[in-house]
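So you can see what is in the structure, the chains are spelled out below.
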Amino acid sequence: MSTPADLRSWIALLEREGELVRVSVEVDPHLEITEIVDRTVKSGGPALLFERPKGSEHALLINQFGTERRMCLALGVDRLDDAGQKIADVLEMQPPEGLRDKVAGLMKLKSIAGSRPKSVRSGPCQEVVLTGDDVNLDLLPIQTCWPQDAAPFITLPAVITADPRTGGRNVGMYRMQKIDRRSTYMHWQIHKDGRMDYLASDGKLEVAVALGLDPVTAYTASAPLPKHIDELMLAGFLRGEPVELVKAKTVDLEVPADAEIVLEGYVESGDEGIEGPFGDHTGYYTAPEPFPVFHITAMTMRRGAIYPSIVVGKPPAEDAWLGKATERIFLPAVRMSVPEIVDYDLPVAGAFHNCAIISIRKTFPGQAQKIMHAVWGLGMLSLTKCVVVVDEWVDVHDYEEVFFRVTANVDVKRDVLISEGPLDHLDHAPGTQFVGGKLGIDATHKLPEEGARPWPDEIDMSPEIEELVTRRWAEYGLPAPRSVRPADPS
Ligand SMILES: Cc1cc2nc3c(=O)[nH]c(=O)nc-3n(C[C@H](O)[C@H](O)[C@H](O)COP(=O)(O)O)c2cc1C
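Residues numbered from 1 in each chain as written. Predicted model: local features only at pLDDT ≥ 70, side-chain atom pairs only at ≥ 80, totals over all residues. Heavy atoms only, no water.

(A) Inspection of the site of the ligand at higher detail. Neighbouring the ligand are 19 residues; Met 173, Tyr 174, Arg 175, His 187 and Asp 193 lie closest to it. A distance of 2.8 Å separates an oxygen atom of the ligand from a polar backbone atom of Arg 175. Here Gln 189 contributes a backbone N or O atom positioned 3.0 Å from an oxygen atom of the ligand. Elements represented by at least two residues in the shell around the ligand include exactly strand S8 (169–172) and helix H6 (193–200). With 3 residues, the single largest contributor to the shell around the ligand is S8. When the residues that make up the shell around the ligand are grouped by side-chain class, the tally is 9 nonpolar, 6 polar and 4 charged. (Near = heavy atom within 4 Å. Polar contact = N/O pair within 3.5 Å; in protein donor to acceptor, adjacent residues only side chain to side chain. Helix = DSSP H or I, 4+ residues; strand = E, 2+ residues; numbered from the N terminus. Nonpolar A, V, L, I, M, F, W, Y, C, P; charged D, E, K, R; others polar.)

Given below as structure tokens:
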């Protein structure tokens, strides 16, 4: 399955698939759109194209990623795990043996080589160019999402910077609070790569912001890649087509040629203001705190540009499926570092950074604790507040099953680890921002060396009786039973 080349072909695809509804009446981007979208997202409803947002000539697209099916359509896969498998195929490459292996290996190498973004001379994102005093954010239907939000916020941007030392590109999704027609705050949190570029600059850092991208490129702005890996490369790899870039008009950066809207400008150290509050994906308002001011030197657009937006808030919101895509796409990389990990689940209700449930192939005492420490040292997973470790046969996505294991298998004195370390920037619970307690729960079966008495057998029916009852079920005249918990293979 190929992926849409730009936002317009994505909208056309959503429409063909019955996944998009156009709203033709005038609707207010101040709170009203949020209430409509929140009800739509929470009931598994369609993407919405607001054709007449109040006060703007630009249509607003929202809820494009709001269901598993749309996230799969966006990535051109049947299951999110298929996108992860593409990465696994490359990570697990071995020296080829026969001719078939060599050809397959070459195809994989070609797919990596073809991921590099491609520079082109011109692109539709510069059909309209506004510079200097003509720059005007008032033209866009920027949403004020929640009643206590400080101002309208741009919520689905791809923020492009370059590392001043290496030139390496970074693309991150950082919300931007509108200050006036020509400036916003730039909310890159302390653990994020855009901020690292800002800190490494000699005082001034050029920034470009792309809005309204093909869905894969838009997703990759939110992907937690290591700093030295270009998000646009991941986009090219997942799309199977390089992202085309044009030179920006007023800054020394390249921007996606097919973007609907591009904001060019700069941030300067010392030029900061108080950003927030903002109704965030934690389900709470984040407190006001200082962030740099982004001064806009140019605003370029496609003719009739479509403005993309997303509403976060109490989970589940639209960002749930962006997060689930990351969970599935990054599983192979997580396994590469910690091979005994079988699967993991970051519950949406835990806002992704609050909880990780991890199943492992356990072969030695203390291994669950090893996993907890590994997670607390691994990329953005290091911010996880609570890690629950279960055995390989437990379905980490079945929270009832996980709850059963946690309550059944844990001696609270022996199996609960309290540690401390960095926490998510947005976590309001710790007494000191950014650092606090970590909880590890070892819900695996215990070995004798772990101080357990002989572990009891789990209750399972004998296979012959299971088979007999399955065979005779229709005879009993009973409704079809719901599926049962997978058996412990040990
Ligand atoms: C809808 C949405 C909004 C986000 N807003 C922010 C934000 O305002 N600030 C931030 O630092 N991260 C935000 N994130 C998370 C980052 O995009 C994510 O951590 C990403 O990996 C950052 O890129 P980086 O690793 O290149 O810094 C948001 C993610 C999503 C899905």
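From this point, things continue past the structure.
(B) Geometry of the packing of aromatic side chains. Taken as a whole and judged by the stated rule, the model has 4 aromatic pairs. Seen from their ring centres, Trp 188 and Tyr 198 are 5.6 Å apart, and the 40° between their planes marks the pair as tilted. With Trp 188 in the loop between strand S10 (183–185) and H6 and Tyr 198 in helix H6, this residue pair connects regions lying 10 residues apart in the sequence. Relative accessible area serves as the criterion here: at 1%, Trp 188 is assigned to the buried category. (Phe/Tyr/Trp six-rings, centres within 6.5 Å; stacked < 30°, edge-to-face > 60°. Buried < 20%, exposed > 50% of the residue type's maximum accessible area, 1.4 Å probe, protein only.)

(C) The arrangement of the pairing of strand S2 (residues 47–53) in detail. Of all 7 residues that make up S2, 5 are buried, and the element is covered over most of its length. Considered for its hand, the β-α-β crossover made up of strand S1 (residues 20–27), helix H2 (residues 32–42) and S2 is right-handed. The turn linking S2 back onto strand S3 (residues 60–62) is made up of 6 residues, and Gly 55 within it adopts a positive phi angle of 85°. (Right-handed = clockwise from strand over helix to strand, strands pointing away. Pairing = 2+ DSSP bridges.)

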